[in-house]
Every structure is written in C-alpha cells, then in structure tokens.
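Residue strings, one per chain:
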Amino acid sequence: MTFLENYIAGELLPPVSKAYLGNVNPSTGIEYSKIPDSDKEDVEKAVQSAKAAFPSWSKMPKEKRSRVLIKLADLIEENLEELAAAEAKDNGKPLKLATRVDIPRASANIRFYATAIMHYASESHAMEDAAINYTLRKPIGVVGCISPWNLPLYLFTWKIAPAIAAGNCVVAKPSEVTPMTAYLFTKLCKQAGLPDGVLNVVHGLGPKVGAAITEHPEIKAISFTGGTITGETIARISAPMFKKISLELGGKNPNIIFADCDFEKAVSTSIHSSFANQGQICLCGSRIFIERSIYEKFKAAFVSKVKELKVGDPFDDNSDQGAVVSETHMNKVLACIETAKKEGGEILCGGERIVMQGNLANGYYIQPTVIDGLAFNCQTNQEEIFGPVVTLTPFDSEEEVLKYANSTKYGLASTVWTSDVTRAHRIASELEAGIVWVNCWLVRDLRTPFGGVKNSGVGREGGFEALHFFTEPKNVCINLK
Ligand code: TXE
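Residues numbered from 1 in each chain as written. Predicted model: local features only at pLDDT ≥ 70, side-chain atom pairs only at ≥ 80, totals over all residues. Heavy atoms only, no water.

K.L.:
It is not clear to me how the overall build of the chain should be interpreted in this structure. Could you clarify?
P.N.:
In terms of regular secondary structure, the chain is built from 14 helices and 25 strands. In terms of overall size, the chain behaves like a compact globule, its C-alpha atoms giving a radius of gyration of 23 Å where 481 residues would be expected to give roughly 23 Å. Projecting the C-alpha coordinates of the chain onto the three principal axes gives extents of approximately 70 × 65 × 40 Å. A total of 481 residues make up the chain; the buried ones form 58% of that total. Across the chain, every contact between residues at least 6 apart in sequence was considered, and the portion connecting residues at least 24 apart equals 75%. (Helix = DSSP H or I, 4+ residues; strand = E, 2+ residues; numbered from the N terminus. Rg over C-alpha atoms; globule rule 2.2 N^0.38 Å. Buried < 20%, exposed > 50% of the residue type's maximum accessible area, 1.4 Å probe, protein only. Contact = heavy atoms within 4.5 Å.)

Structure (structure tokens):
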C-alpha cells in the first residue's frame, strides 16, 4: 500500500493529523493507496512555504524560470509510461488515452507557459506629448489552484504552469479522487530543480483542504476547475475577500448536426465527443440535435457505432472505454439514466451498469447510453450528467435549434456540423458558449481563450489570458512636460 505525501517547502511530508483516506482503483473497486487527510494546518504550512519562496522566485529572471519549467516538461515526457499507467489506474480511463492525451498534454501545458512567459509583453499608451503610460504586470504572490478528477494531471498542470511561470508561488490541491499523478509530479519538480516552496501540494478533501485554501487571507487568487456548486461556494467565500477568481465549471454542451454536414465525419466525431473519457470531459457534447431530414439516418448510424464501443479493462489496448471515476459517480450517472426513463426517454442502447469478470467484477463500468424522445427542457437535457450518456433530439430550423442549444444554464462549449460557411458563422455567433467548434471537436490551440459563459464559469484560461489572471497590472504614468 503506497502512502502519498504532501509536498511542502520542497519536502514530502505526512499530514499534520497523521490521518489518511483510502484511494480506490475504479477499474477494480479496490483501495490501493492512501492519501493524506490534510486540514488547515497543512494548508497554513504550505502558505508559509509559498510566501517564503515568493521574493526570490518572483525576482528570478524569467529566462531562468523558463528553463526550470522546460526541464519539468522534459521530465514528464521521460516518465510518460509511468505517469500514464498511474493515471489509468487512478482514474479508470483507458491507458491508451492517458498515453496519447493526458500526459503529453500535461507536458505541453508546462512547455507552453515556459515559453509564453518569454513573449509576454505589456501595453504602453502614449498621450501625444503630454504623458506616456505603461503597464507593469507583477505576479500576485501566493495563489491557490484546485483541480478535478476527470483529467487529473492535465488540468493540474494547466493551472500551475501559468501561475508559476508568471512568478507566483502556488498552494495546489488535486482532487482527492485522483491524487496519484500530482504526487508523482512533485517528485519531478524536485528533480527539475524547482526551488523549494514555489509549488506546494496539499492532498485531501474539498470541504477541508479546498475550503482552507479558499478562505486563507494570504492566498490572493484562486483558479478552480470542478462542479458548478463548488464554484459557487468558492465565489461566495472569495468575493468579500476581494480575491481574483477563475472558475471553469460544468457544461451541458450542444452538438448540432445539420443535414448538409459531412455525414460520416459528423457521426464518427460525435462518438468521440460523446464518450471520450467515459463522457467525463467538461467539453463533451451531451445533447445532440439533428436536423429532422437526417434524424433517422443519423440515429441508426450513431447507435450502431456506439454498440461497437468496447467497455473494458483500462489496461487492455482494445478497450475504447474504461471505468467511470468512482462508485459515487457511477451511482449518480445511473440515477440520471433512471430519471431520463421517468421523463419518457427511450433508451436506444446502453442504460445499465456492466459487471465485469474476475478482478474487475467490482469496478465501475457503465454502458455507453443513447436516449431519444425527450423534451429539450426536461431535467435530463438541462442538468450535467458527466458520464457516457447522450440524448438525441430532432430540429426543423436554425431558430429552433438555437433555442434548444441556449436553453440551459450552462454555456461552455458547442459543436456545429454544416458545410454552409455562412450558416456556420451565423450559428457560432449566436450560440451562448465560450467555445464553438465547427466541423471538429476538441481541437485545441493553447493560445486561445478557454472557458465558459453563464453557469459554466468566470474568466478564461489559456494563452496570455492565464498570464493576465496570474498577474496584477499597474499603470505608470510619466509626465512628458
Ligand atoms: O466536483 P468538485 P465533484 C462536475 C460534474 C460532476 C460534478 C461534481 O458534473 O458530476 O461536477 O463532481 C474540490 N472548496 N465536474 O463533486 O467537488 C475537490 O476536492 C474548495 C465538472 O467531484 O467540484 C476537487 O479538488 N474546493 C468538471 C475539486 O474541488 C472544493 C470536473 C473539484 O471537485 C470544495 C469535475 C470546497 N468546498 C466535475 N469541495 C469540469 N468542469 O471539468 C470540493 N472541492
């Protein structure tokens, strides 16, 4: 049994309480490691360590900060196999997905911000011959990063990379459901020569560790990805303390298929956008709207491909889908399927838990599920499920599909399939979402703004947006007369 440790002031430490929580492998349902059940005392130590590291890290030339981060990105690549296996075991996702996407992207995040900081310039505003203004951008100080379980190392690094590159020191909390790769990452930080205290990782529960980070008066900014309700709690606590917050929350993303689309491509990409990572990606398209003239054709082709998806051992190369992340989450998703049935939905395929054989018998597997016959405004089509479940709904006009697409409280991502360029622009402009993909899905350029509108969040990550978030601008006005 491995006992994970916190990473504070460059040291791997047990929690002050000496208490641990069990960490379960979702593909087997068996506990395989223990994680620190930390509390505010550990967070306090982490904050003091970050504070002590801040003066020298923030003043270190950015070329040097960049070099350390590049070394860290290289080390992730060198340890790809170990990290990918750890991610698959901790999260239940297929090893091939962790190997192809999660871990390379974690390395790319760090490399991206290691180089972005070298190109990060600030504005100057000349007032004819009266004065000239320039903007100084300074790191904030100690910042908090709280990340979720669906893309563990990928989203953990997506936050800490810009924070550290900009010269801040970080107190970070990975999800207690998937803590392993953040723990392994701390060892690489040491190896890369990241100065002690620049990154501190405190493991444990959201309401204890996450809350202590949010409430700490010396943590001046919080970057959070997770559920909308948790985001609301963080916003409520942070607002009266005037903290900067960046919140990436849930989604209920529309995937709109017009009759003039490239049919084969729309079907095959929709399989991916519906079920990748067992549907546990905030960008997954969970509501598929199909123009009525191709509804039956799309439904038949889509359902037949979904039935071919192989759910199985994450470590089996033939598995398209692994386990969902936890028993609690599996039960939540299964309850959502029951709700859909009560609302009159017809289960076209899936709908059940899968009980595997042998050592996987207690794992958390769900059949990829497709439902039709539901109203656009029923609970199933309004609330985030975050699992391998999608609904199909026909539409007759652009106006109607925009009404359906924009009807939820969320506004993260959306996908449109059409070969009509004018329509693509028109729909993209009218969709209430932070991200619109046309004839593709999950094509990501790290320079672009990433985030949602409405209850999907506040602020944007990605590119210079994240460096703006992790710095404070100061205008300096020089009199020219
Ligand atoms: O997320 P939580 P959960 C959605 C998805 C899912 C639902 C709940 O719909 O079913 O959220 O998932 C920490 N103060 N997404 O409960 O709890 C927690 O420890 C501070 C969408 O697992 O929000 C973890 O590190 N922090 C999503 C992180 O918040 C707190 C990804 C996220 O966990 C806290 C995940 C508190 N009071 C879930 N309570 C996406 N947008 O990608 C918890 N945390």
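Back to the text.
K.L.:
How should the site of the ligand be read in this particular structure?
P.N.:
Close to the ligand lie 27 residues, the nearest being W149, K173, E176, T230 and E384. Taking N150, its side chain carries an N or O atom lying 3.3 Å from an oxygen atom of the ligand. Here K332 contributes a side-chain N or O atom positioned 2.8 Å from an oxygen atom of the ligand. For the ligand, the cavity whose grid points lie within 2 Å of the majority of its atoms is the largest pocket. (Near = heavy atom within 4 Å. Polar contact = N/O pair within 3.5 Å; in protein donor to acceptor, adjacent residues only side chain to side chain. 1 Å grid on protein atoms, 1.4 Å probe; cavity = no way out; pocket = protein on both sides within 12 Å on 5 of 7 lines; lining within 4 Å. Sits in = over half its atoms within 2 Å of the grid points.)

K.L.:
Any chance you could explain the domain arrangement of the chain here in plain terms?
P.N.:
Many descriptions give the size of an interface as the accessible area lost when the pieces come together. Taken as a whole, the chain is organised into domain 1 (2-249 + 456-479) and domain 2 (253-445). Computed from C-alpha coordinates alone, the two centres of domain 1 and domain 2 are separated by 30 Å. Counting from both sides, the interface comprises 27 residues of domain 1 and, opposite them, 30 residues of domain 2. Contact between domain 1 and domain 2 buries roughly 2,300 Å² in total, counting both sides, with carbon and sulfur atoms accounting for 57%. (Domains from an automatic or database assignment. Buried area = accessible area lost by both parts, 1.4 Å probe.)

K.L.:
Would you mind showing me how to read the sheet that holds strand β25 (residues 471-479) here?
P.N.:
If you walk across this open sheet you meet the three strands as β6-β7-β25, and the pairing is antiparallel. The sheet terminates laterally at β6 (124-127) and β25, the two strands that pair on one side only. Between one strand axis and the next, the sheet turns by 20 degrees as a mean value, whatever way the strands run. Summarising the sheet, β6 and strand β7 (residues 131-139) pair through four bridges and their orientation is antiparallel. Across the sheet, A126 pairs through a bridge with I132, a residue of β7. (Pairing = 2+ DSSP bridges. Axes fitted to C-alpha atoms, helices over the stretch in contact; angles between N-to-C directions.)

K.L.:
For this particular structure, what's the right way to read the layout of surface pockets?
P.N.:
To find leftover empty space, a probe the size of one water molecule is rolled over the atoms. Size it by volume and the largest pocket reaches roughly 970 Å³. Considering the residues around the largest pocket, the lining is formed by 39 residues, among which W149, F224, G226, G227 and T230 are closest to the centre. Secondary structure elements with two or more residues in the lining of the largest pocket: α7 (206-215), β11 (221-225), α8 (228-238) and α11 (327-342). Ranked by residue count, the leading element in the lining of the largest pocket is α8, at six residues. (Points joined across faces, edges and corners; volume = space filled by probe spheres on them.)

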